[in-house]
Amino acid sequence: GAVVSQHPSRVICKSGTSVKIECRSLDFQATTMFWYRQFPKKSLMLMATSNEGSKATYEQGVEKDKFLINHASLTLSTLTVTSAHPEDSSFYICSARDSRDQETQYFGPGTRLLVL
Amino acid sequence: EDQVTQSPEALRLQEGESSSLNCSYTVSGLRGLFWYRQDPGKGPEFLFTLYSAGEEKEKERLKATLTKKESFLHITAPKPEDSATYLCAVHDNFNKFYFGSGTKLNVKP
């Protein structure tokens, strides 16, 4: 139980294009999902908290217009990196909190983004 | 501000050599403390949630304990496949999550 998937697992794009990453909770409903960014050999950096049916809450320093988050259903949240630049290259990981267990976050496998 | 500190940053063990990883925290009301395992290039894998001081949880060679100031992840007779980065995180009363920087464990055969 408590499986979270992400798609794609790896993506390479050209500078200036947009990339969408999907995060799905496969066997539970998630009213809250989180998006993290992880730099090599570093811990997780929370980018935003995504709540189903409402606007995402972004952490300080994270550009809302650049990292668009949509949480349209209880099992799906998407992160769109708009007008991507090489500095956006990173490992993006989502997590989901089971609606029945408001404490534990279950993580997806991550998406490796490389912007050329 | 709430903080989570993990130590050591890195730990090298021989196979079968038991040890403990530490997670110290200062938080405005603890709602939960979590341990995750992360392998290179993958998302964190959930291990344990602890809610209150005195609580203990076990899974195979791992045992997590919690006090009011810290948590330990005890690894008994580790195997090379236990090599990974172990992350600790806390959830506070303001509904904020804080992650430690992790302990990278390397178990040599």
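Quantities reported herein were computed from a predicted structural model and do not represent experimental measurements.

Enquirer: Got a minute to help me understand the packing of aromatic side chains in this structure?
Expert: Given two aromatic rings, one states the distance between the centres and the angle between the planes to describe the pair. Scanning all chains against the criterion turns up 12 aromatic pairs over all chains. For the ring pair Tyr106(A) and Phe46(B), a centre distance of 5.3 Å and an interplane angle of 70° mean the geometry is edge-to-face. Highlighted residues: Tyr106(A) in strand E10 (residues 105-107) and Phe46(B) in strand E5 (residues 45-50), drawn from two different chains. By relative accessible area, Tyr106(A) is classed as buried at 15%. Classification of Phe46(B) by relative accessible area gives partly exposed; the value is 24%. Aromatic pair Phe34(B) and Phe97(B): ring centres 5.9 Å apart, planes at 35°, arrangement tilted. Residue Phe34(B) is located in strand E4 (residues 30-38), and its partner Phe97(B) is located in strand E10 (residues 97-99); the two are separated by 63 residues in the primary sequence. Comparing Phe34(B) with Phe97(B) shows no difference in burial state: the two are buried. Of the aromatic side chains, those joined through ring pairs into one cluster are Phe28(A), Phe34(A), Tyr36(A), Tyr106(A), Phe107(A), Phe34(B), Tyr36(B), Phe46(B), Phe97(B) and Phe99(B).

Enquirer: So what exactly am I meant to see when it comes to the environment of Asp92(B) here?
Expert: Residues and elements named next belong to chain B. As for its placement among the helices and strands, Asp92 is situated in strand E9 (residues 84-92). Overall, the relative accessible area of 1% leaves Asp92 in the buried class. Along the backbone, Asp92 and Glu70 are 22 residues apart, and their C-alpha atoms lie at a distance of 14 Å. Within polar-contact distance, the side chain of Asp92 engages the backbone nitrogen of Phe94 at 2.9 Å.

Quick notes on the rules
- Residues numbered from 1 in each chain as written.
- Chains lettered and ligands numbered in written order.
- Predicted model: local features only at pLDDT ≥ 70, side-chain atom pairs only at ≥ 80, totals over all residues.
- Heavy atoms only, no water.
- Phe/Tyr/Trp six-rings, centres within 6.5 Å; stacked < 30°, edge-to-face > 60°.
- Helix = DSSP H or I, 4+ residues; strand = E, 2+ residues; numbered from the N terminus.
- Buried < 20%, exposed > 50% of the residue type's maximum accessible area, 1.4 Å probe, protein only.
- Polar contact = N/O pair within 3.5 Å; in protein donor to acceptor, adjacent residues only side chain to side chain.

Coordinates in, geometry out; function isn't part of it.
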